[in-house]
Amino acid sequence: MENIKPIPVILEGDPGHDDAIAWVLANSTDRLKILGVCTSAGNQTIEKTTYNAQRILTLIGYKGPLAKGRTRPLIEEPMNAPSVHGESGLDGPVLPEPEIEPVEEDSVVLMARLIEESEEPVTLVPTGPLTNIAALLTERPDLKPKIARISLMGGGLASGNWTPAAEFNILVDPEAADVVFRSGVPILMAGLDVTEKALIFPEDFERIRAVGNPVAKVVAEWLEFFYHFHRDIGYTGAPVHDPCAVAALLHPEIMTMKDVHVDIELTGKYCRGMTVADMYGSTDKKPNVRAILNIDRKAFADLLVEAVKAYDEK
Ligand code: BDR
Ligand code: CA
């Protein structure tokens with residue numbers, strides 16, 4: 001069998017149901033080598049997302065470093081999403097009490113150290129607001145050549161979800177997104193264009209529940225929680241956003257992608273936080289983003305089922 005080298009990654013997010021499932025997926029496979037996990041403020045405060053991260057990582061048996069991110073966006077006032085993820089930021093099933101503590105270093109310092117120490121260029125996988133990634137790129141621009149790419153969940157070429165124009169992760173910290181999108185580091189963008197097609201239905205989370213191990217049972221309940229919230233606001237299924245940023249590294253063949261130039265709108269009256277995409281080359285700006293446009297939904301659901309099955313052996 002071909003011996004494929006694992007991709008070194010740093011996971012960074014604001015868990016959050018879909019961030020949690022992204023981490024379950026990433027930790028399920030030897031194809032990724034998770035160097036560290038970092039939190040961001042977003043779905044809830046940094047205290048809550050970090051506590052959630054501690055419990056998620058305990059559930060999935062992750063033993064590497066966890067670091068806490070910064071408390072607030074670069075200049076914007078903090079904004080959270082309790083309507084989506086609950087007051088805890090991860091309402092739903094009972095999770096184990098933490099057996100893992102965050103390290104002393106803040107997440108920017110940890111990411112810098114892990115990138116410096118890595119023999120291979122590192123892929124960053126942010127699934128929350130981009131505050132800490134922007135801080136890393138601003139404070140340590142010397143490390144850019146050692147970042148293979150940033151596979152992120154954020155934005156939407158066609159529309160927003162938190163305002164008509166802006167997606168939540170970008171809207172929380174547009175200035176940070178602007179730094180990241182102008183950084184010159186290759187960006188793989190799982191925006192709403194694809195994530196709202198990555199729909200999970202009851203038959204999918206029942207397949208996951210039937211796998212029966214403790215991780216599968218919790219993932220099924222997270223998905224059920226997410227499904228009910230979205231169904232109540234008019235979706236046909238749960239758009240499981242954040243795992244798309246991990247799936248893009250593991251199975252790009254189940255997705256379609258297009259290279260485009262994307263700017264972040266910082267001043268618009270209606271459009272602050274919009275990811276403005278030059279889809280048809282109407283400017284002379286070179287593509288700075290590989291945007292994911294579509295996904296084989298069934299293959300995505302199968303991937304989540306296979307991911308939780310891997311915890312039978314862990
Ligand atoms: C994004 O916002 C958050 O609520 C989710 O975790 C996801 O990262 C989708 O807009
Ligand atoms: Ca998220």
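Check the entry above for the structure.
Quick look at the structure, then. Source: prediction; values computed, not measured.

Procedures and definitions
What you see as residue numbers is a count from 1 along each chain, following the sequence as written. In the order they appear in the text, chains get letters beginning with A and ligands get numbers beginning with 1. Side-chain atom pairs in this predicted model are given and counted only at pLDDT of 80 or more, local residue features only at pLDDT of at least 70, and totals for whole chains, interfaces and linings cover all residues. The side-chain numbers reported here are obtained from all heavy atoms of the structure, hydrogens and water having been left aside. Only protein chains enter the calculation, and the probe is 1.4 Å; a residue is then buried if its accessible area is under 20% of its type maximum, exposed if over 50%, and partly exposed in between. Under the scheme used here, helices are H or I runs from DSSP no shorter than 4 residues and strands are E runs no shorter than 2 residues, and both carry numbers assigned from the N terminus. Any two strands with at least two DSSP-identified bridges between them are counted as paired. Seen with its strands pointing away from the viewer, a crossover is right-handed when the path leading from the first strand over the helix to the second is clockwise. The criterion for a residue being near a molecule or strand is simple. One of its heavy atoms has to lie within 4 Å of it. Whenever two N or O atoms come within 3.5 Å, that pair is a polar contact, provided that in protein one can donate a hydrogen and the other can accept it, and provided that, for residues adjacent in sequence, both atoms are side-chain atoms. With residues, only the protein chains shown are counted as cover, and all accessible areas are computed by Shrake-Rupley using a 1.4 Å probe. As a working rule, the residues Ala, Val, Leu, Ile, Met, Phe, Trp, Tyr, Cys and Pro are called nonpolar, Asp, Glu, Lys and Arg charged, and the rest polar, with Gly in that last group. Definition used for salt bridges: Asp or Glu carboxyl oxygen within 4 Å of a side-chain nitrogen of Lys or Arg. Note on contacts: a residue pair is in contact if any heavy atoms of the two residues lie within 4.5 Å. Donors, by definition, are the N, O and S atoms found within 2.8 Å of a metal, the threshold being 3.2 Å for Na, K and Ca, and water is not counted, so a site can look incomplete. By nonpolar core is meant a set of buried Ala, Val, Leu, Ile, Met, Phe, Trp, Tyr and Cys residues that side-chain atoms within 4.5 Å join together. Structural elements are reduced to axes, namely lines fitted to C-alpha atoms, with helices fitted over the stretch in contact, and the angle between N-to-C directions of any two is expressed from 0 to 180 degrees.

## Examining the pairing of strand β4 (residues 122–126)
A regular strand places its side chains on the two faces of the sheet in alternate fashion. By the criterion of burial, β4 is predominantly enclosed, with five of the five residues buried. Examined bridge by bridge, strand β1 (residues 7–13) and β4 share four bridges and lie parallel to one another. When the sheet's bridge partners are listed, E12 is paired in β4 with P126. As paired strands, β4 and strand β5 (residues 147–153) are joined by three bridges and run parallel to one another. By the bridge assignment, L124 is partnered in β5 with I150. The parallel pair β4 and β5, bridged by helix α5 (residues 131–139), forms a crossover whose chirality is right-handed.

## Focus: the site of ligand 1
The environment of ligand 1 is formed by D18, D19, N43, H85, T127, M153, N161, E167, F168, N169, H241 and D242. Note that an oxygen atom of ligand 1 is positioned 2.9 Å from one of the side-chain N or O atoms of N161. A distance of 2.4 Å is found between an oxygen atom of ligand 1 and a side-chain nitrogen or oxygen belonging to E167. When ligand 1 sits alone it has 280 Å² of accessible area, and the protein chains cover 97% of it. Elements with a minimum of two residues in the shell around ligand 1: α1 (17–27) and α6 (168–172). Split by residue class, the shell around ligand 1 holds two nonpolar, six polar and four charged.

## A look at the pattern of salt bridges
Scanning the entire structure with this criterion turns up 21 salt bridges. E76 is the partner of R272 in a salt bridge, and the nearest nitrogen-oxygen pair spans 2.9 Å. With R272 in the loop between β9 (255–264) and β10 (275–278) and E76 in the loop between β3 (66–67) and α3 (82–85), this residue pair connects regions lying 196 residues apart in the sequence. With its nearest N and O atoms 2.9 Å apart, the salt bridge here joins D204 to R297. Highlighted residues: D204 in helix α9 (residues 202–211) and R297 in helix α12 (residues 297–309), separated in sequence by 93 residues. For R297, a relative accessible area of 21% gives the class partly exposed. Residues joined by salt bridges that share partners form a network here, namely R70, D106 and E139.

## As for α5
The buried fraction of α5 amounts to seven of the nine residues, a majority that puts the element mostly inside the structure. Check the buried side of α5 and you find it contacts β1, β2 (32–39), α4 (107–117), β4, β5 and α7 (174–181).

## Focus on the coordination of the calcium ion (ligand 2)
Coordination of the calcium ion (ligand 2) by the protein is provided by D14 (OD), D19 (OD), D19 (OD), T127 (O) and D242 (OD), with metal-donor distances spanning 2.2 to 2.5 Å. Written as a sequence motif, the donor arrangement for the calcium ion (ligand 2) is D-x4-D-x107-T-x114-D. As far as the burial class goes, D14 and D19 line up, both buried.

## Examining the environment of D302
Structurally, D302 is set in helix α12. With 98 residues separating them in the primary sequence, D302 and D204 have C-alpha atoms 8.3 Å apart.

## Considerations on the nonpolar core
A general feature of soluble globular proteins is that nonpolar side chains tend to end up buried together. Within the largest apolar cluster, 65 residues are counted, with the highest numbers of intra-cluster contacts made by I208, V219, W222 and F300. Beyond its immediate sequence surroundings of up to four residues, V219 is in contact with I21, V24, I208 and V308. The next biggest cluster of nonpolar side chains, apart from the first, holds 36 residues, and it includes I133, V180, V262 and I264.

## Points about the sheet that holds β1
Pairing is mixed in the open sheet, where nine strands are placed in the order β3-β2-β1-β4-β5-β6-β11-β9-β10. Each edge of the sheet is formed by a strand with only one pairing partner; in this case those strands are β3 and β10. The strands touched by α4 are β1, β2, β3, β4 and β5; relative to β2, the strand with the most contacts, the crossing angle is about 160°. Along the sheet face, α5 touches β1, β2, β4 and β5 and points at about 160° away from the line of β5.

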